[in-house]
Amino acid sequence: TADSKTSLRIAIQKSGRLTDKTIELLKGIGLRFDDYKRNLMVKCRNFDVELLLIRDDDIPEYVQDGVCDLGFVGANVRAETGADVRVLRGLDYGVCRLSLAARKDGAIQTLEDFEGKTIATSYPNLTQQFLDKHNIGANLVTISGAVEIAPRLEVADAICDLVSTGNTLKANGLQELEVILESETQLIQTNKELSPGKKKLIEKFLIRMDSHQQAER
Ligand code: ATP
Ligand code: ZN
């Protein structure tokens, strides 16, 4: 039947903070695949699943468009892209927060102090939404990496960036002032209509995942 050929396509981060934990989770629920580091696409040997290994930034859109049925991605990236996807599960890794931060002894000490200032970030949408909600007018400078050095380079007065331990901020003489978003890795599903075969596969996948997560606790 056509369904026996149906395979679930799952997007995961190719190489980064989420990769090992996601692979570990997939292996933990019994999926077997080899050579995932070398290929963009990897077929699972014992389950109708194939992995698409891509940059995390591309995952929400691939899932939105139905190129992939499922994806593992940070809530931060999903929210920033505003992709139309369904969040199936929140997971306990990739935990971090998106926060506003400024120089430790600088002019910005409270939220109001951000008025009229320049903020460097890789999350312009989430940052702008937060500023709008609090009626603060600031200028955003979008940069894709090493945001924490922007104040020292005088590219910006402040930053809005991901924080986990806070050590990177500290090392750059910055202090965290406002948390904009608490984030974790999420399993997302496309909102595109799926075949009955794929729906069944997703159900099976979720049952395995949930019992695995329970066993971990
Ligand atoms: P890619 O090459 O896939 O675009 P990247 O450099 O954008 O990778 P990583 O640094 O690997 O992304 O981070 C991936 C995700 O890990 C983040 O989007 C976030 O959800 C999570 N994360 C957890 N803690 C942190 C942290 N301290 N700094 C950055 N990301 C973190
Ligand atoms: Zn990225």
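Keep in mind the model is a prediction, meaning the values are calculated, not measured.

Thoughts on the pairing of strand 11 (residues 185–190)
When a strand is regular, its side chains alternate between the sheet's two faces.
Logical step 1: Most of strand 11 sits out of view: six of its six residues are buried.
Logical step 2: Taken together, the five bridges between strand 4 (residues 70–74) and strand 11 define a ladder with antiparallel strand orientation. Within strand 11, the residue paired with Val-73 across the bridge is Gln-186.
Logical step 3: Two strands pair when backbone bridges link them, and strand 5 (residues 85–90) and strand 11 are joined in this way by five bridges, in the antiparallel orientation.

Notes on the domain arrangement of the protein chain
Logical step 1: Under the domain assignment used here, the protein chain contains domain 1 (3–94 + 184–216) and domain 2 (96–182).
Logical step 2: Just the C-alpha atoms count here: the centres of domain 1 and domain 2 sit 31 Å apart.
Logical step 3: Between domain 1 and domain 2, the residue contacts involve six residues of the former and eight residues of the latter.
Logical step 4: Roughly 630 Å² of surface becomes buried between domain 1 and domain 2 when both sides are summed, with 50% attributable to carbon and sulfur atoms.
Logical step 5: At the boundary of domain 1 and domain 2, one finds four residue pairs in polar contact (both at pLDDT 80 or more).

As for the pattern of salt bridges
Logical step 1: Under the criterion given, the structure shown has eight salt bridges.
Logical step 2: Between Lys-43 and Glu-50 there is a salt bridge, and its shortest N-O distance comes to 2.9 Å.
Logical step 3: By relative accessible area, which is 58% here, Lys-43 ends up exposed.
Logical step 4: According to the relative accessible area criterion, Glu-50 is buried, its value standing at 8%.
Logical step 5: For Arg-89, the salt bridge identified is with Asp-210, shortest N-O distance 2.8 Å. Here the residue Arg-89 occupies a position in strand 5, and Asp-210 occupies one in helix 6 (residues 196–216), the gap between them amounting to 121 residues.
Logical step 6: Under the relative-accessibility criterion, Arg-89 is labelled partly exposed at 27%.

Concerning the nonpolar core
Logical step 1: Residues Leu-31, Leu-51, Phe-72 and Phe-205 are the most contacted members of the largest nonpolar core, which totals 29 residues.
Logical step 2: Looking at this core, the element that brings in the most residues is helix 6, giving five residues.
Logical step 3: With near-sequence residues (within four places) excluded, Phe-205 lies in contact with Leu-8, Ile-10, Leu-26, Ile-29, Leu-31, Phe-47, Leu-70, Phe-72 and Leu-187.
Logical step 4: Residues Cys-68, Ala-83, Leu-126 and Ala-138 belong to the second largest nonpolar core, which totals 27 residues.

With respect to helix 4 (residues 124–133)
Logical step 1: Regarding helix 4, the residues found buried are Leu-126, Thr-127, Phe-130 and Leu-131. End-on view of helix 4: buried residues confined to an arc of 130 degrees, all on one side of the axis.
Logical step 2: On its buried side, helix 4 packs onto helix 3 (75–81), strand 6 (96–103), strand 7 (118–121), strand 8 (139–142), strand 9 (158–163) and strand 10 (174–183).
Logical step 3: Where helix 4 terminates, the next one or two residues include Asn-135, which has phi positive at roughly 55 degrees.

Side note on the coordination of the zinc ion (ligand 2)
Logical step 1: Within the first shell, the zinc ion (ligand 2) binds the protein through Asp-56 (OD) and Asp-57 (OD), at distances of 2.0 Å.
Logical step 2: Angles of 77 to 169 degrees at the metal separate the four donor atoms of the zinc ion (ligand 2), which places the site in the irregular class.
Logical step 3: For Asp-56, a relative accessible area of 18% translates into the label buried.

What counts, and where the lines are drawn
All chains use their own residue numbering, which begins from 1 and follows the written sequence. A letter from A marks each chain and a number from 1 marks each ligand, given out in the order of writing. A pLDDT threshold of at least 70 governs which residues receive local features in this predicted model, and a stricter bar of 80 or more applies before side-chain atom pairs are shown or counted, although totals over entire chains, interfaces and linings include all residues. Only hydrogens and water are set aside; all other atoms, that is, all heavy atoms of the structure, feed into the side-chain values. For every residue, the accessible area (1.4 Å probe, protein chains only) is compared with the maximum for its type, and the residue is labelled buried under 20%, exposed over 50%, or partly exposed between those bounds. The helix and strand labels rest on DSSP assignments: H or I over at least four residues marks a helix, E over at least two residues marks a strand, and numbering proceeds from the N terminus. Pairing between strands is defined by DSSP: at least two bridges between the two strands are required. Each domain's extent was defined by an automatic or database domain assignment. The contact definition used throughout considers only heavy atoms, calling two residues in contact when any of these lie within 4.5 Å. Note: buried area is the sum, over both parts, of the accessible area (probe 1.4 Å) each one loses when the two are combined. Here a polar contact means two N or O atoms within 3.5 Å. Within protein one must be a hydrogen donor candidate and the other an acceptor candidate, and residues neighboring in sequence count only if both atoms are side-chain atoms. Counted as salt bridges are all cases of a side-chain nitrogen of Lys or Arg within 4 Å of a carboxyl oxygen of Asp or Glu. We call a set of buried residues a nonpolar core when its members are Ala, Val, Leu, Ile, Met, Phe, Trp, Tyr or Cys and they connect through side-chain atoms within 4.5 Å of each other. In this description, the arc belongs to the directions extending from the helix axis to the C-beta atoms. Ligating atoms shown are N, O and S within 2.8 Å of the metal, or 3.2 Å for Na, K and Ca, and water is not included, meaning a site may look less than complete. When four donors show all angles between 85 and 135 degrees the site is tetrahedral, when four or six donors have opposite pairs over 155 degrees and all other angles between 65 and 115 it is square planar or octahedral respectively, and in every other case it is irregular.

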